[in-house]
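# Close look at the chain arrangement
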Amino acid sequence: MRKPIIAGNWKMHKTLGEAESFYSDVQGRIPDPAKVETVICAPFPFLYRLVQLSEGMAPSVGAQNMHEEESGAFTGEVSPVQLKDLGVRYVIIGHSERREYFNETDDSVNRKLKSALGHGLTPIVCVGETLGEREEGRTEAKVSGQVKAAYAEISPSEAAGTVVAYEPIWAIGTGKTATAEEAGDVCRSIRETLSELYGGEIAEKIRIQYGGSVKPDNIGELLAQPDIDGALVGGASLEPESFLRLAEVASNE
Ligand SMILES: O=C[C@H](O)COP(=O)(O)O
């Protein structure tokens, strides 16, 4: 039985004061962590403060990106060592916005995944197709190729602790959600790819999130799909009540 994981991706939103206020609103109100794992992936400048505020309680704190090197002359970048030192536990890797606007490739995603695992961070590895690829019937080939490239040279025991986020690019921030069946079908195909790579036992342990216009009123049907184990949520993670509602629905799955 895989525990659902709800991760908020705040992207480039909020001020520090707004982030602090969100944390004080949700703390103590998150459903039982034994039933649902919750994470907020915040902008870098807020991470230190949010780790302090969380005091090891839910929601955990995650980053939205990292550089694969431990240190060096990489102006503007943040390393896994620095994230770990702050007490950050999760990191999103290969979000489609990073791939589109910041030239991230399957190779850089693979290097970051190796580095995150090597430093004890839990990676949330993002994959997903464009609208054109979906219309041409290439969704599963695209996503399977991204998964295989991301997990190249990752051992089964390391892979077991990772999270994959399936985010159809056309559904991000658009209000268009894949139907639960469409999302479930792609997540099943991702698990089949993981099973090819690692065997069924490991593939069954890896949690697969859906992301793309997830809201409190559609998360229930998405989580009802057998291969969807949580959600990576942008817009609907910004308001405390909405985030709490998502966590609550997930905790009852
Ligand atoms: O990382 C989150 C996704 O990009 C989804 O964003 P959204 O929920 O605003 O569509």
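Calculation criteria
- Residues numbered from 1 in each chain as written.
- Predicted model: local features only at pLDDT ≥ 70, side-chain atom pairs only at ≥ 80, totals over all residues.
- Heavy atoms only, no water.
- UniProt positions renumbered as here; feature names shortened; annotations may be inferred.
- Helix = DSSP H or I, 4+ residues; strand = E, 2+ residues; numbered from the N terminus.
- Buried < 20%, exposed > 50% of the residue type's maximum accessible area, 1.4 Å probe, protein only.
- Contact = heavy atoms within 4.5 Å.
- Pairing = 2+ DSSP bridges.
- Near = heavy atom within 4 Å.
- Polar contact = N/O pair within 3.5 Å; in protein donor to acceptor, adjacent residues only side chain to side chain.
- Areas by Shrake-Rupley, 256 points an atom, 1.4 Å probe, with all protein chains shown as cover.

## Considerations on the UniProt feature "binding site: substrate" (unreviewed entry) in the chain
Within this numbering scheme, the UniProt entry marks Asn-9, Trp-10, Lys-11, Gly-173, Ser-213, Gly-234 and Gly-235 as carrying the feature "binding site: substrate" (unreviewed entry). What stands out for the annotated residues spanning 227 residues is how close their C-alpha atoms remain, the widest pair being 13.9 Å apart. Tracing the backbone through its elements, the reader meets Gly-173 in the loop between strand S6 (163-166) and helix H9 (180-198). Residue Gly-173 is classed as exposed on the basis of its relative accessible area, which comes to 77%. Along the chain, Ser-213 falls in the loop between strand S7 (207-211) and helix H11 (219-223).

## Digging into the UniProt feature "active site" (unreviewed entry) in the chain
Under the present numbering, the feature "active site" (unreviewed entry) in UniProt falls on His-95 and Glu-167. A stretch of 73 residues holds the annotated residues, and the largest C-alpha distance among them is 8.5 Å, short enough that they meet in one place. For His-95, the location among the structural elements is in the loop between strand S4 (90-93) and helix H4 (96-101). When sequence neighbours within four positions are dropped, the list of residues in contact with His-95 reads Asn-9, Lys-11, Cys-126, Glu-167, Ile-172 and Leu-232. Here Glu-167 lies in the loop between S6 and H9.

## Here we look at unusual backbone geometry
Omega for the bond connecting Ala-58 with Pro-59 falls within 30 degrees of zero, at -5°, which places this linkage in the cis form. You can see Pro-59 is positioned in the loop between helix H2 (44-54) and strand S3 (60-63). Its identity as a non-glycine residue notwithstanding, Lys-14 has a phi of 85°, on the positive side. Along the chain, Lys-14 turns up in the loop between strand S1 (5-9) and helix H1 (16-26). Its identity is not glycine, yet Glu-153 carries a phi of approximately 65°, on the positive side. By the element assignment, Glu-153 lies in the loop between helix H7 (139-150) and helix H8 (156-160). By relative accessible area, which is 68% here, Glu-153 ends up exposed.

## Focus: the pairing of S6
Within a regular strand, the side chains alternate between the two sheet faces. Going residue by residue along S6, you find Val-163 and Ala-165 tucked away on one face and Val-164 and Tyr-166 tucked away on the opposite face as well. The pairing of strand S5 (residues 122-127) with S6 spans four bridges and is classified as parallel. Each bridged residue has a counterpart across the sheet, and for Val-127 the counterpart in S6 is Tyr-166. Across four bridges, the pairing between S6 and S7 is parallel. Paired with Val-164 across the bridge in S7 is Ile-208.

## Quick word on the site of the ligand
Around the ligand, a shell composed of 13 residues is seen, among which Lys-11, His-95, Glu-167, Gly-173 and Ser-213 lie nearest. For the ligand, an oxygen atom lies 2.8 Å from a polar atom in the side chain of His-95. One of the backbone N or O atoms of Gly-173 is found 2.6 Å from an oxygen atom in the ligand. Considering the ligand on its own, with 310 Å² of exposed area, one finds that the protein chains cover 95% of that surface.

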